[in-house]
Amino acid sequence: MQRGCKFFILLITAFLVRLASAQDTLSLTPENVKYPYPVKFLPLKAEGQDLRMAYMDVMPANPNGRSVILFHGKNFGGYYWKDVIGALSAKGYRVIVPDQIGFGRSSKPFIHYSFHEFARYNKTLLDTLGIQKVIVLGHSMGGMLATRFTLMYPGAVEKLLLEDPIGLEDYRTFVPYESAEEEYKTELKTTYASVKKYYQSSYFTTWKPEYDELVAIGAGVNKSADFPRYAMVAALTYEMIYEQPVCYEFGNISVPTVLFIGEEDHTIVGKGMLSAEQQAQHGRYKLLGPETAKKITGCKLVTFDNCGHIPHIEVKEAFLKALMENM
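Within every chain, residues take consecutive numbers counted from 1 along the sequence as written. Owing to the predicted nature of the model, reporting of local features is limited to residues with pLDDT of at least 70; listing and counting of side-chain atom pairs is limited to 80 or more, with chain, interface and lining totals taken over all residues. Working from all heavy atoms in the structure, the side-chain values ignore hydrogens and water.

Enquirer: Can you walk me through the nonpolar core in this structure?
Expert: The term nonpolar core refers to a set of buried residues drawn from Ala, Val, Leu, Ile, Met, Phe, Trp, Tyr and Cys, joined through side-chain atoms within 4.5 Å. For every residue, the accessible area (1.4 Å probe, protein chains only) is compared with the maximum for its type, and the residue is labelled buried under 20%, exposed over 50%, or partly exposed between those bounds. I101, Y121, V136, F149 and Y171 are the most contacted members of the largest nonpolar core, which totals 62 residues. Examining the composition of this core, we find that eight residues originate from one element, helix α8 (residues 227-243), more than from any other. The contact criterion used is simple: two residues touch if any of their non-hydrogen atoms lie within 4.5 Å. If we skip the residues at most four places from it in the chain, Y171 touches I166, I241, Y242, I268, V269 and Y285. If you look at the next biggest cluster of nonpolar residues, it comprises 45 residues, including M56, I135, Y203 and L323. Only DSSP runs of H or I covering at least 4 residues are called helices, and only runs of E covering at least 2 are called strands; the numbering of each starts at the N terminus.

What follows is the structure, given as structure tokens:
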């Protein structure tokens, strides 16, 4: 009887462990990540494949006739724009928040990833929604996309807003080249601990418990059976960032531009392949911000003290105030 009880307890314990693990696991298109507004899907085609691009379309209670599109960073999806969406909507803006193909709830195809193609997808989304003119806000990788979108469709952009965009320097000039296959092997090693370490060293100046949720989302797919596909897509989008710089084209931007910079941002794409000495020489947004602002005609620079890579989360109130003053 005693042995039977012990066996039963072991079974229950194993079940609870598996249940906890299942609750922590994210799917390839993480439906178990809570998005702040209803998610819709735009059908697309690429390289013979049928795709779905997820997006939120948030209508304000009192429209001011203007629209904003928000482009997320590489390690995120539309979910992390919650407070920005709320603030913009309260001021009357219609807010469009896509998950780029390969990210969030959008399809994860094996294709050639391209900022040019991403820009076309987003223009198709805006055309489908009947939006002819838009304010573009891009964060991190989304800043590279926002720049490419603006260069391709200047007539559709009312204003360009860049929040700690990556690509302010050409990573090819100092980060060793890795093929997508090699990067894929690196991505397969992703763990909660590795994601948290990277976020701590690059994204935030002081760690807060609420940031753990971002880590859980960033690392959660590695427990899924679909993780190899997720890892390959992450490698392919890394390749896109590495091989398709925008920093040489800032002088071609012809629309009003505002650059928001956290002065303690030290983000470098490919940081793990650099020595400590090399890391110290790059990713210095305190210097890169002013240098970039000078390249863009009439660009306004807004900086945040004691802030890393994500001002709209780390210094939310200051960022939202600055954002509204520059819309």
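Enquirer: Can you walk me through the side chain of D99 in this structure?
Expert: Among the structural elements, D99 can be located in the loop between β4 (94-98) and α3 (115-128). The convention is simple: Lys and Arg are positive, Asp and Glu are negative, and His and the chain ends are not counted. Any carboxyl oxygen of Asp or Glu within 4 Å of a side-chain nitrogen of Lys or Arg constitutes a salt bridge here. Despite its burial, D99 pairs with no opposite charge; the closest candidate is R105, at 5.9 Å N-O. Polar contacts involving the side chain of D99 include one to the side chain of Y35, which spans 2.6 Å. Setting aside anything within four residues of it in sequence, one finds D99 in contact with Y35, M53, A54, H72, G77, G78, G104, R105 and S106. Within 3.5 Å is the distance limit for a polar contact, defined as a pair of N or O atoms, with the added protein rule that one can donate a hydrogen and the other accept it, and that residues adjacent in sequence qualify only through two side-chain atoms.

Enquirer: Mind showing me how you'd approach the pairing of strand β5 (residues 134-139) here?
Expert: Consecutive side chains along a regular strand alternate between the two faces of the sheet. Most of β5 sits out of view: six of its six residues are buried. Burial of β5 is two-sided: the residues V134, V136 and G138 facing one way and the residues I135, L137 and H139 facing the other way are all buried. We treat two strands as partners when DSSP finds at least two bridges between them. In terms of strand pairing, strand β3 (residues 67-71) meets β5 through four bridges, oriented parallel. Bridging from a neighbouring strand, V68 pairs with I135 of β5. Both β5 and strand β6 (residues 157-163) contribute to a ladder of six bridges, which runs parallel.

That's the geometry; what it means functionally is another story.
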